[in-house]
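The chain contents come next:
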Amino acid sequence: MATLSEITSLCKRRGFIFQSSELYGGINGFWDYGPLGTELKRNIRQAWWRDMVSWHNPLLAPAGAPAAFAMVGIETSVIMNPQVWKVSGHYDLFQDLMVDCRETKLRYRYDQLRGRWAEARGRKIFITADPDAEDEFDFVSRRASKLFKVPTGSPELKWASDFMSLSQIAVEDFVGVLAPQAQAPGTLSEPREFNLMFKTYVGALTSEEHAAYLRPETAQGIFLNFKNVIDSSRVRLPLGIAQIGKSFRNEITPRQFTFRSREFEQMEIEFFCHPSTSEAWYRYWRDRRLRWYFDLGIKPANVRLREHDKRELSHYSRGTADIEYAFPFLPAGDFGELEGVAHRGDFDLRSHMEGKLDPNSNPLLVERDSAGQPRWRGSGKNLAYRDERTNETYIPHVIEPSAGVDRALLAFICDAMQTDEAPDDTGTLRQRSVLRLSPRLAPVKVAVLPLVRKDGMPEIARDIHNALVRHVAVQYDEKDAIGRRYRRADEIGTPLCITVDGQTLRDNTVTFRNRDDLSQWRVHVNDCEAEVRRFIGA
Ligand code: ATP
């Protein structure tokens, strides 16, 4: 697979992705999409919207689905009443600096991890204590003896510091930090602030009562409108409500190109169903969403579905699976999240109804009044669903497939970028860079090329271009030798080239060239549009 620097260089050179505000030195975590990136991103959004929403048939159960169901779309505002984020838990939960252990998947409050430097056998390791350990001294001593394979209290083991907080250690030195339950040092992530919401003020005043937040996910806008959609659209459950839109997270360490950005786009579905069927729907969505990436050409070997184990699950979740991609910038064997599919039970609707959850399971939802009494914070509105056929009233369960457009785009580029060999103008095999994007996603579907700039070829090629331009994304290119133009088209993933050549002048046929296998065939000028449609499946 191509390296990150090859990918960023292609993206910049060919106009897929630019650094935001580059003229002024950029701004970390923000990106702009150039002409080709914009088309590619639009095609990803469109493929998702068509496959999930507009091409969905509510009368037929798709393969593997427990039943037929409805799908509708929605578009909600980025800034909402701040109470939304209090009830959703984002306001309270997004607050502390956290570090994650990559090995055990345990998460620690950055300010709560303490430990001390130990030295033995030429190595110096910072051994952390479990915040829940009764005796941190004893905990750390036993860990040190096990790590260095020396008996506790042995003079071979030297303590190079007293107990100190992890926050006193430079992040670069985390490679020498042993996390509380990990087997080997170096598994702790950089500290990440959990309150990732961007704050702003609505109106002219900047006092706290006017504070508001840019949404960190599009999902809440869907929950808030569940009742509106049901009451206005004559749809019944099971029902999916889909939304594509920007989300904002003030990530502490934006990095790995667009993988972790501060402004990004999400494609989310909240699927509402009867609680007794939710497990089956969870499995359906998990498998269907995974298949979607394969159908768009991602190589199965580079993707995996990872079910969260119990410790990783949010307290309300009955199951979450991540669809992960082996991004080339991750350490070998590591995968990064493309999409999460979560079984959220009735947590969200119930919270927005009553906010009256068990304070032991989610104490952060509970605000206390001056007398220390809990004050519940839901809307107080009834969001239960009444099934007219069975007369049953219930709070639906929700399955949430939540994908990132930018991460999908990056994965599609990483997966499609290849180098192979193709003959040049003289027939000699030369290396070429090719982007094997699915024709559905390719930003340009067809390049129309006159072989030479004379003998009337440009005129015929322009006519073909002009006939196609309202039907498919087509580019006309007459500059440079034909071989170089093929290479340019290959590099940006154009699946088809149409060349007007000498034979065109004699028999009105043109050459069609397939990007992937380099095969060529002839098509009558009048049949170009039909042949292009057949080839790209449009
Ligand atoms: P991560 O653990 O990588 O931060 P997450 O679990 O917080 O991701 P979710 O809240 O499940 O992510 O968001 C759903 C999807 O939105 C992710 O699968 C990803 O595709 C996308 N996404 C989330 N955060 C970012 C980001 N900072 N930059 C780009 N895409 C993102």
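Criteria and thresholds
- Residues numbered from 1 in each chain as written.
- Predicted model: local features only at pLDDT ≥ 70, side-chain atom pairs only at ≥ 80, totals over all residues.
- Heavy atoms only, no water.
- Helix = DSSP H or I, 4+ residues; strand = E, 2+ residues; numbered from the N terminus.
- Buried < 20%, exposed > 50% of the residue type's maximum accessible area, 1.4 Å probe, protein only.
- Lys, Arg positive; Asp, Glu negative; His and termini not counted.
- Salt bridge = Lys/Arg side-chain N within 4 Å of Asp/Glu carboxyl O.
- Polar contact = N/O pair within 3.5 Å; in protein donor to acceptor, adjacent residues only side chain to side chain.
- Core = buried A, V, L, I, M, F, W, Y, C linked by side-chain atoms within 4.5 Å.
- Domains from an automatic or database assignment.
- Contact = heavy atoms within 4.5 Å.
- Pairing = 2+ DSSP bridges.
- Near = heavy atom within 4 Å.
- Areas by Shrake-Rupley, 256 points an atom, 1.4 Å probe, with all protein chains shown as cover.
- Axes fitted to C-alpha atoms, helices over the stretch in contact; angles between N-to-C directions.
- Parallel < 35°, antiparallel > 145°, perpendicular 65-115°, else oblique.
- Left-handed = near helix turned anticlockwise from the far one by under 90°.
- Disulfide = S-S within 2.5 Å.

1. Focus: the environment of Ser207
Tracing the backbone shows Ser207 in the loop between strand E12 (199-201) and strand E13 (211-213). Ser207 sits 63 residues away from Ala144 along the chain, and the two C-alpha atoms are 51 Å apart.

2. Section: the side chain of Arg262
Considering the arrangement of structural elements, one finds Arg262 in the loop between strand E14 (239-248) and strand E15 (263-273). Buried charged residue Arg262 carries no salt bridge. Nearest counter-charge: Glu251, at 7.2 Å. Engagement of the side chain of Arg262 in a polar contact is seen with the backbone oxygen of Glu251, the distance being 2.6 Å.

3. Side note on the nonpolar core
Looking at soluble globular proteins, one finds that nonpolar side chains tend to be buried together. Formed by 61 residues in total, the largest nonpolar core has its most connected members in Ile44, Trp285, Trp292, Phe327 and Phe412. The greatest single-element share of this core, amounting to nine residues, is contributed by helix H9 (residues 405-416). Per-domain counts for this core show at least three residues from each of domain 1 (4-94 + 197-411) and domain 3 (432-536). If near-sequence neighbours (up to four positions away) are discounted, Phe327 is found in contact with Phe259, Gly336, Leu338, Arg407, Leu410, Ala411 and Cys414. Within the second largest apolar cluster, 22 residues are counted, among which are Ile74, Ala219, Phe223 and Ile230.

4. Brief notes about the pairing of strand E4 (residues 97-100)
Regular strands have side chains that alternate between both faces of the sheet. Alignment of E4 against strand E11 (residues 192-193), held across two bridges, turns out to be antiparallel. Bridge pairing links Met98 to Arg192 in E11. Two strands pair when backbone bridges link them, and E4 and strand E5 (residues 107-109) are joined in this way by three bridges, in the antiparallel orientation. Counted as the bridge partner of Met98 is Arg109 from E5. Hairpin connection from E4 to E5: six residues lie between these consecutive antiparallel strands, with Lys105 at a positive phi of about 65 degrees.

5. Things to note about the site of the ligand
The immediate surroundings of the ligand are formed by 17 residues, with Arg249, Glu251, Arg260, Ser261 and Glu337 found nearest. Within the backbone of Phe259, one N or O atom sits 3.2 Å away from a nitrogen atom of the ligand. In this structure, Gln266 approaches the ligand through a side-chain N or O atom, which is 3.2 Å from an oxygen atom. Coverage of the ligand by the protein amounts to 82% of the 590 Å² it exposes when considered alone.

6. Some words on the pattern of salt bridges
Scanning all chains against the criterion turns up 39 salt bridges. Between Arg453 and Glu478 there is a salt bridge; the shortest N-O distance is 3.9 Å. Here the residue Arg453 occupies a position in the loop between strand E26 (446-450) and helix H10 (457-468), and Glu478 occupies one in the loop between strand E27 (474-476) and helix H11 (482-491), the gap between them amounting to 25 residues. For Arg453, a relative accessible area of 57% corresponds to the exposed category. Each of Asp420, Arg432, Arg436, Asp490, Arg513, Arg515 and Asp516 takes part in one network of salt bridges that share partners.

7. Regarding the sheet that holds strand E30 (residues 520-524)
Taken in spatial order, the five strands line up as E27-E26-E28-E29-E30 in an open sheet, and their pairing is mixed. The sheet is open, and its two borders are formed by E27 and E30, each paired with just one other strand. Within the sheet, the average angular offset between the axes of one strand and its neighbour, ignoring direction, is 25 degrees. Lying over the sheet, H10 contacts E26, E27, strand E28 (496-500) and strand E29 (509-514), oriented at roughly 160 degrees with respect to E26.

8. Structural notes on the side chain of Thr494
With respect to the helices and strands, Thr494 occurs in the loop between H11 and E28. Judged by relative accessible area, which is 1%, Thr494 ranks as buried. For Thr494, the residues in contact, after removing those within four places along its chain, are Val444, Lys445, Val446, Ala447, Ala489 and Arg515.

9. Focus: the packing of helix H2 (residues 35-54) against helix H7 (residues 278-295)
Running from N to C, H2 and H7 cross one another at 140 degrees; their axes reach a closest spacing of 12 Å. On the basis of the axis angle, H2 is oblique to H7. The hand of the H2/H7 crossing is right-handed. Each of Ile44, Ala47, Trp48, Asp51 and Met52 in H2 lies in contact with H7, whose residues at this interface are Trp285, Arg288, Arg289 and Trp292.

10. Concerning the domain arrangement of the chain
Under the domain assignment, the chain is made up of domain 1 (4-94 + 197-411), domain 2 (97-194) and domain 3 (432-536). For domain 2 versus domain 3, the separation of C-alpha centres amounts to 61 Å.

11. Points about the sheet that holds E14
Read from one edge of the open sheet, seven strands run E3-E14-E15-E23-E18-E17-E16, paired in mixed fashion. With one partner strand each, in any of the chains shown, strand E3 (70-73) and strand E16 (303-307) form the two edges of the open sheet. The average angle at which neighbouring strand axes cross in this sheet is 20 degrees, direction not considered. Across the sheet, helix H6 (residues 219-233) touches E3, E14, E15, strand E18 (336-345) and strand E23 (397-404), and the angle it forms with E15 is around 40 degrees. H7 rests against E3, E15, E16, strand E17 (319-325), E18 and E23 of the sheet, and its axis sits at about 165 degrees to E18.

12. Some words on the pairing of E18
Taken across its ten residues, E18 has nine buried, putting it largely inside the fold. Here E17 runs beside E18; their pairing, made up of seven bridges, is antiparallel. Across the sheet, the residue bridging to Asp322 is Gly340, located in E18. Across six bridges, E18 lies against E23 in antiparallel orientation. Its bridge partner lying in E23, His343 is registered against Ile399.

13. Digging into the state of the cysteines
A disulfide bridge is the covalent bond that connects two cysteines by way of their sulfur atoms. What the rule picks out here adds up to zero disulfides. Cysteine Cys414 remains unbridged, with the sulfur of Cys11 as its closest cysteine sulfur at 8.2 Å. Among the residues examined, Cys414 registers a relative accessible area of 1% and is labelled buried. Distance from the sulfur of Cys497, which forms no disulfide, to the nearest cysteine sulfur (Cys528) is 13 Å. Judged by its relative accessible area of 0%, Cys497 falls in the buried class.

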